[in-house]
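Each chain, letter by letter, is given below.
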Amino acid sequence: MDSQATLAPATGSIGGAFDLVIAGGPVVWLLIAMSIVALTVILYKFAQFTMTGIWRTGHIEKAVKLFRDGNRREALAAVQGAKDPASITVATAIRGALRSDVSDAAVREEVERVATAEINGLKSHVGLLEIIGSLSPLLGLLGTVLGMIQAFRAMEAAGRNVDPAILSGGIWAALLTTAAGLIVAIPVVAIASWFERTILQVARRTEDAVTRIFTPDLTRRTESPADEIRAASL
């Protein structure tokens, strides 16, 4: 008795959810398919960010410091093998600095190309999330409009014998698609925005590290304060 009583609500809830999907029509099915695609992309991007190690920055700072101290081989070893865009770009810049047969302009051009390619790799599929987040509420609204049209057509066909249940039932079924569209859009838009901010931070970190590779550290004093003042007055 107890087990049957326990199973009944669960079965009813599953059946009720399925009935809601059926009532929503093809628009709800399309939104479900879009949510599955969005979830797949989100899981893929999380795995990509984790495997590339974009949140680890200690080795990049170490490499830049070693390079500015003149330990170029050790600086290259600090970022060698890392998979994040900043490390790959810094390693490219250091390799170019170690080669005497390549001009600075050529090295900078190659470093820029590598950095762009790596950042674009992080951006892949994020645009798909933005499209899903934008289209989902519009599809929900479309389903609501179509449902309202159908409900009013049924009311017109009933003539004077209008049953309020016909109209109310059609309205709630129509509004169901709008709710489904918002349920899909809100988390997708939020996560896509977070991905964009994270990628922007990685791009800025990469640009900062490469700039410090190509430029001298002007915060360090190479001479006494008196000599610096004398040199500035000349």
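Thresholds, definitions, all that
- Residues numbered from 1 in each chain as written.
- Predicted model: local features only at pLDDT ≥ 70, side-chain atom pairs only at ≥ 80, totals over all residues.
- Heavy atoms only, no water.
- Helix = DSSP H or I, 4+ residues; strand = E, 2+ residues; numbered from the N terminus.
- Polar contact = N/O pair within 3.5 Å; in protein donor to acceptor, adjacent residues only side chain to side chain.
- 1 Å grid on protein atoms, 1.4 Å probe; cavity = no way out; pocket = protein on both sides within 12 Å on 5 of 7 lines; lining within 4 Å.
- Points joined across faces, edges and corners; volume = space filled by probe spheres on them.
- Nonpolar A, V, L, I, M, F, W, Y, C, P; charged D, E, K, R; others polar.
- Phe/Tyr/Trp six-rings, centres within 6.5 Å; stacked < 30°, edge-to-face > 60°.
- Lys NZ or Arg CZ within 6 Å of the ring centre and 35° of its normal.
- Buried < 20%, exposed > 50% of the residue type's maximum accessible area, 1.4 Å probe, protein only.
- Contact = heavy atoms within 4.5 Å.
- Axes fitted to C-alpha atoms, helices over the stretch in contact; angles between N-to-C directions.
- Parallel < 35°, antiparallel > 145°, perpendicular 65-115°, else oblique.
- Left-handed = near helix turned anticlockwise from the far one by under 90°.

Novice: Can you help me understand the environment of Ser35 in this one?
Specialist: Along the chain, Ser35 falls in helix H2 (residues 26-52). Sequence separation between Ser35 and Leu129 is 94 residues; the distance between their C-alpha atoms is 9.6 Å. At a separation of 2.6 Å, a polar atom in the side chain of Ser35 contacts the main-chain carbonyl oxygen of Ile32.

Novice: Would you mind showing me how to read the layout of surface pockets here?
Specialist: Once rolled over the atoms, a probe with the size of a water molecule shows which space is left empty. For the largest pocket, the calculated volume is near 310 Å³. If you go around the largest pocket, you meet 16 residues; those closest to its centre are Glu112, Ala115, Thr116, Thr206 and Glu207. With eight residues, helix H6 (residues 104-123) is the largest single contributor of residues to the lining of the largest pocket. Of the residues assigned to the lining of the largest pocket, the class counts are six nonpolar, six polar and four charged.

Novice: Would you mind showing me how to read the packing of aromatic side chains here?
Specialist: To describe a pair of aromatic rings, you give the distance between the ring centres and the angle between the ring planes. For the coordinates displayed, the defined rule picks out six aromatic pairs. In this structure, Arg108 packs its charged tip against the face of Phe214, placed 4.4 Å from the ring centre.

Novice: Any chance you could explain the side chain of Ser136 here in plain terms?
Specialist: One can find Ser136 in helix H7 (residues 126-158). For Ser136, a relative accessible area of 0% gives the class buried. Within the structure, the side chain of Ser136 is placed 2.6 Å from the backbone oxygen of Ile132, a separation counted as a polar contact. Not counting residues up to four positions away in its chain, the partners in contact with Ser136 are Leu31, Met34, Gly181, Val184 and Ala185.

Novice: Would you mind going over the packing of helix H3 (residues 58-68) against helix H5 (residues 85-98) with me for this structure?
Specialist: Any two packed helices are characterised by how steeply their axes cross, that is the angle between the axes, and by the distance between the axes. Running from amino to carboxyl end, H3 crosses H5 at an angle of 15 degrees, the nearest separation of the two axes being 10 Å. Here H5 runs roughly parallel to H3, going by the angle between their axes. Viewed along their axes, H3 and H5 form a crossing whose handedness is left-handed. Between H3 and H5, the contacting residues are His59, Ile60 and Phe67 on the first element and Ala86, Ser87, Val90, Ile94 and Ala97 on the second.

Novice: Would you mind showing me how to read the packing of H5 against H6 here?
Specialist: Where H5 contacts H6, the two axes come as close as 9 Å, and the packing angle between them is 165 degrees. Looking at the two axes, H5 sits roughly antiparallel to H6. Here the hand of the crossing between H5 and H6 comes out right-handed. Note on element contacts: H6 touches H5 through Val107, Glu110, Val111, Val114, Ala115, Glu118, Ile119 and Leu122, opposite Pro85, Ile88, Thr89, Thr92, Ala93 and Gly96.

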